[in-house]
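# Architecture and fold: a report
Each chain, written out:
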Amino acid sequence: LQHPSSTLRLLHDADLIVFVTSADRPFSESERQLLQTSIKPYRKRVVLVINKIDILERRQGDDHGQETKQKMVDYVQEHASDLLGA
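The rules behind each value
Residues numbered from 1 in each chain as written. Predicted model: local features only at pLDDT ≥ 70, side-chain atom pairs only at ≥ 80, totals over all residues. Heavy atoms only, no water. 1 Å grid on protein atoms, 1.4 Å probe; cavity = no way out; pocket = protein on both sides within 12 Å on 5 of 7 lines; lining within 4 Å. Points joined across faces, edges and corners; volume = space filled by probe spheres on them. Helix = DSSP H or I, 4+ residues; strand = E, 2+ residues; numbered from the N terminus. Nonpolar A, V, L, I, M, F, W, Y, C, P; charged D, E, K, R; others polar. Patch = residues over 30% accessible without salt bridge, like charges linked within 9 Å, V, L, I, M, F, W, Y side chains within 5 Å. Areas by Shrake-Rupley, 256 points an atom, 1.4 Å probe, with all protein chains shown as cover. Salt bridge = Lys/Arg side-chain N within 4 Å of Asp/Glu carboxyl O. Buried < 20%, exposed > 50% of the residue type's maximum accessible area, 1.4 Å probe, protein only. Core = buried A, V, L, I, M, F, W, Y, C linked by side-chain atoms within 4.5 Å. Contact = heavy atoms within 4.5 Å.

### Side note on the layout of surface pockets
Size it by volume and the largest pocket reaches roughly 190 Å³. Taken together, 14 residues form the lining of the largest pocket, with Thr-7, Val-18, Phe-19, Leu-34 and Ile-39 sitting closest to its centre. Of all the secondary-structure elements, those providing two or more residues to the lining of the largest pocket are helix H1 (5-10), strand E1 (16-22) and helix H2 (29-39). For the lining of the largest pocket, the element with the highest residue contribution is E1, accounting for five residues. Partitioned by chemical class, the residues of the lining of the largest pocket number 10 nonpolar, three polar and one charged.

Take a look at the structure:
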């Protein structure tokens, strides 16, 4: 895990944590470790952002990837709950 120690120290004082994961590889192993070991213990409010979600619409047909995007949002919500203990 290569997260700068100064960033990890700031988590203690944060009122809100904005966590960004990528639509093409949501919750990579290093992201899972960060959530479980560094963010979960603080029990802070966490806002999850799915970056690059627009790449999903290029892969789909007539619905412009809406169904695929919804599946991605559902996946992130479900796994975030598991990882953060919500």
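Resuming the write-up.
### Considering a nonpolar patch on the surface
Side chains of Leu-16, Val-18, Val-20, Val-47 and Val-49 sit close together on the surface and give an oily, nonpolar patch of about 370 Å² of accessible area. Secondary structure elements with two or more residues in the nonpolar patch: E1 and strand E2 (45-51). The dominant element in the nonpolar patch, judged by the number of residues it contributes, is E1, at three residues. Within the secondary structure, Val-20 is located in strand E1. We classify Val-20 as partly exposed; its relative accessible area is 42%.

### As for the nonpolar core
A general trend in soluble globular proteins is that nonpolar side chains are found buried together. Counting 17 residues, the largest nonpolar core has Phe-19, Phe-27, Leu-35, Ile-39 and Met-72 as its most contacted members. At five residues, helix H4 (residues 66-84) tops the list of elements feeding residues into this core. Residue contacts for Leu-35: discarding those within four places in its chain leaves Phe-19, Phe-27, Lys-40, Leu-83 and Leu-84.

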